[in-house]
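Summary of the model geometry
Here is how the chains run, residue by residue.
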Amino acid sequence: MTRSEVKIRSRELLKISIPMAIEHISVSLMGMVSIMLISYVGEHATSALGMVDAITHLILALFAALTTGGTIVVSQYMGREDRASAKRAGGQAIMLSVVFSLVMFAVIAIFRDAILAALFAEAEADVMTAARTFLTILNFSYPIVAVTLTVFGIIRGTGDTFAPMIISVIMNGFNLVLGIILIWGLDLGVYGAAWALTASKLVGLLAAIWYLTKKAKNLRINKLKYFKPDFGRQKAILRLGLPTSFESGLFQAGRLITQVMIVYISTAAIAANTIGFAMMNFANVPGMALATGTMILVGQRVGRGQTHDIVKTSMFSLVIGFVFLMALGLLMILFRNPIFATFNPTAETMEYLPTIVISYLLIAPFFWPASFILPACLRATGDVVYPMIVSISTMFSVRILLGFVLGIVLGMGITGVWIGMYLDWVARSAFFIPRMLRGKWKGKGITTEDN
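Rules of the game
Residues numbered from 1 in each chain as written. Predicted model: local features only at pLDDT ≥ 70, side-chain atom pairs only at ≥ 80, totals over all residues. Heavy atoms only, no water. Patch = residues over 30% accessible without salt bridge, like charges linked within 9 Å, V, L, I, M, F, W, Y side chains within 5 Å. Areas by Shrake-Rupley, 256 points an atom, 1.4 Å probe, with all protein chains shown as cover. Salt bridge = Lys/Arg side-chain N within 4 Å of Asp/Glu carboxyl O. Helix = DSSP H or I, 4+ residues; strand = E, 2+ residues; numbered from the N terminus. Buried < 20%, exposed > 50% of the residue type's maximum accessible area, 1.4 Å probe, protein only. pLDDT = per-residue confidence, 0-100. Contact = heavy atoms within 4.5 Å. Phe/Tyr/Trp six-rings, centres within 6.5 Å; stacked < 30°, edge-to-face > 60°. Lys NZ or Arg CZ within 6 Å of the ring centre and 35° of its normal. Expected span 1.5 Å × (residues − 1). Axes fitted to C-alpha atoms, helices over the stretch in contact; angles between N-to-C directions. Parallel < 35°, antiparallel > 145°, perpendicular 65-115°, else oblique. Left-handed = near helix turned anticlockwise from the far one by under 90°. Nonpolar A, V, L, I, M, F, W, Y, C, P; charged D, E, K, R; others polar. Core = buried A, V, L, I, M, F, W, Y, C linked by side-chain atoms within 4.5 Å.

1. Re a nonpolar patch on the surface
Taken together, Phe140, Leu176, Val177, Ile180, Ile181, Trp184, Leu186, Leu188, Tyr191 and Trp195 make up a surface patch of nonpolar side chains, about 980 Å² in accessible area. Within the residue set of the nonpolar patch, elements represented by two or more residues are α7 (162-185) and α8 (189-215). When residues in the nonpolar patch are grouped by element, the largest group, 5 residues, is from α7. As for its position among the elements, Leu188 is in the loop between α7 and α8.

2. Focus on the pattern of salt bridges
Using the criterion set out here, one finds 9 salt bridges in the structure. Among the ionic pairs, Glu5 bridges to Lys312, the shortest N-O distance being 3.8 Å. Here Lys312 lies in helix α12 (residues 310-334) and Glu5 lies in helix α1 (residues 3-39), a separation of 307 residues in the sequence. Residue classification places Glu5 among the partly exposed positions, given a relative accessible area of 21%. Take Lys312: its relative accessible area is 44%, and that puts it in the partly exposed class. Across the salt bridge formed by Arg112 and Asp113, the nearest N and O atoms sit 2.7 Å from each other.

3. Regarding the environment of Leu49
Tracing the backbone through its elements, the reader meets Leu49 in helix α2 (residues 43-62). Leu49 sits in the buried class, given a relative accessible area of 9%. Residues Leu49 and Ile35 lie 14 residues apart in sequence; the distance between their C-alpha atoms is 7.6 Å.

4. Structural notes on the confidence of the model for the chain
Confidence in the prediction of the chain, expressed as mean pLDDT, is 82, and 91% of residues score 70 or more. Model confidence for the chain, summarised as mean pLDDT per element, is weakest for helix α3 (residues 64-79) at 71 and strongest for helix α17 (residues 414-438) at 92. Counting contacts from residues 447-451, a segment whose pLDDT is below 50, to residues more than four positions away or on other chains yields 11 contacts.

5. A few points about the packing of aromatic side chains
Applying the stated criterion to the full structure yields 9 aromatic pairs. Where Phe322 meets Phe366, the ring centres are 5.3 Å apart and the plane angle is 65 degrees; that geometry is what we call edge-to-face. Highlighted residues: Phe322 in helix α12 and Phe366 in helix α15 (residues 353-380), separated in sequence by 44 residues. On the accessibility criterion, Phe322 (32% relative accessible area) is partly exposed. Here the aromatic rings of Trp368 and Phe372 are separated by 4.8 Å at their centres, their planes lie at 25 degrees, and the arrangement is stacked. Residue Trp368 and its partner Phe372 are both found in helix α15; the two are separated by 4 residues, about one turn of the helix. As far as the burial class goes, Trp368 and Phe372 line up, both buried. Three or more aromatic residues link up through ring pairs in this structure, and these residues are Phe277, Tyr360, Trp418, Tyr422 and Trp425. Here the guanidinium or amino end of Arg428 rests over the ring plane of Phe372, the centre of that ring lying 4.3 Å away.

6. Considerations on the side chain of Ser10
Its location among the elements puts Ser10 in helix α1. Every residue in contact with Ser10, bar those within four places of it in the chain, is listed here: Phe316 and Ile320.

7. Quick notes on the environment of Ile408
Summarising the element assignment, Ile408 is placed in helix α16 (residues 385-409). Sequence separation between Ile408 and Val384 is 24 residues, and the spatial gap between their C-alpha atoms is 34 Å. With sequence-adjacent residues up to four places away left out, Ile408 is seen in contact with Met261, Ile265 and Gly403.

8. With respect to α17
Between the first and last C-alpha of α17 there are 37 Å, a value that for 25 residues agrees with the 36 Å anticipated at 1.5 Å per step. Phi turns positive one or two residues past the end of α17, at Gly439, with a value near 70 degrees.

9. So, the packing of helix α5 (residues 125-138) against α8
Close contact between α5 and α8 brings their axes to 9 Å; oriented N to C, the two are set at 20 degrees. As summarised for this structure, α5 and α8 are arranged roughly parallel, according to the angle between their axes. Taken as a pair, α5 and α8 cross one another with a handedness that is right-handed. Judged by residue contacts, Ala130, Thr133, Phe134, Ile137 and Leu138 of α5 engage Val190, Tyr191, Ala193, Ala194, Trp195, Leu197 and Thr198 from α8. In terms of residue class, the contact of α5 with α8 is built from 10 nonpolar, 2 polar and no charged.

10. Focus: the side chain of Arg156
Along the chain, Arg156 turns up in helix α6 (residues 141-157). What makes Arg156 buried here is its relative accessible area of 10%. Every residue in contact with Arg156, bar those within four places of it in the chain, is listed here: Met20, Glu23, Thr161, Pro164, Thr292 and Ile296.

11. What to know about the nonpolar core
Core analysis: the largest hydrophobic core is formed by 99 residues, its most contacted members being Phe120, Phe134, Tyr360, Trp368, Trp418, Met421 and Trp425. For Trp418, the residues in contact, after removing those within four places along its chain, are Asn273, Gly276, Phe277, Ile356 and Tyr360. Among the nonpolar cores identified, the runner-up in size contains 26 residues, and Ile144, Leu212, Ile221 and Tyr226 belong to it.

12. A few points about α6
With 17 residues, α6 should cover 24 Å at 1.5 Å per step; its first-to-last C-alpha distance of 24 Å lies within 8% of that length. Burial analysis of α6 places 16 of its 17 residues in the buried class, the great majority of the element.

13. Considerations on the environment of Met36
For Met36, the location among the structural elements is in helix α1. Sequence-wise, Met36 and Gly173 are 137 residues apart; in three dimensions their C-alpha atoms are separated by 15 Å.

Now the structure itself:
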């Protein structure tokens, strides 16, 4: 690859990915700020937030069919310059997200206590009480988030990553201010944290709908006809999105199982895992932005028939991902102690925290990009079943099984559970790299049957 080509590809990838990186930073900071604020309520509150957060990620993963499917379908139609079909596909994705999310809300409302008891029966009483409060209030935010993420996916599918970034920054700034007022100012503790998160999500939804209907530059969905049931486009969205949703759901279920394992270790281990994942999400910002950005570029290339360039685009993104993850990881290691201090960890929590965070920051650059950027590229081509099968298989056969053996059976605790996660990345990389290089993904995009 010539220097000129590197510059062109870098400019194209970073132009679409940098706004998403800022958006992900905003989202990650919102999670970290929530944990920081709630940590002053007590270790039980931090642990409860971590437990409910695992459930939240599982619930949101189930909506990936609509977010991912909508993004892929819209990006491929935009690549074909078929805006009318893109608008109809976007409207169908939004309608599906409304229906599915309301069903999920009802399920959580009815089975809240049963879900918590089944997953975290060994948690201490004060932790469980706080978890019930969190889940009750945050359940109202799930339909809001589902629709917001679907709208974001549609906007990104058009190539516009700047608007979701701005909306996310506004939303998270609102959460910060409201969280400080409710948690510290009014001393509402767990209630304050939960309502601050929910209210900020509503602000984001209203802003996203306003932008999509009134101000979007590339594609405006502002007529009721786009929301009239169109089963052909719904089928296309679900065909491309359901495998991802199934994969993401089981992936998050696997994370939930590891969270259950950690509950058996100690409350301090739960708190360390919660803080560790918050830091991990921040460290992953470059990778997540590149994964979504490359998925959009690949989807548009498929729509334009430029399949010859997809391997180069994908592998170039892996290299950029390695560079950014390594740079940010080393920076966070250098300033790890001040970062740890912001979470107000107890002495018991600090027995676990440095080991898992430093190991993650050193290992992630080598294996995370191939594990998560490449499957995003494969999905953008329409090759959605293979990533699903691989991700589910390695999650349960490597991450969970080895995490249980190392962490629980062999007594390595939370460190053993995280080692299982690292080995999962290694296994995923071994499957996804050959799949991309061999071109097995060709011919799986949207077809004339989807119109």
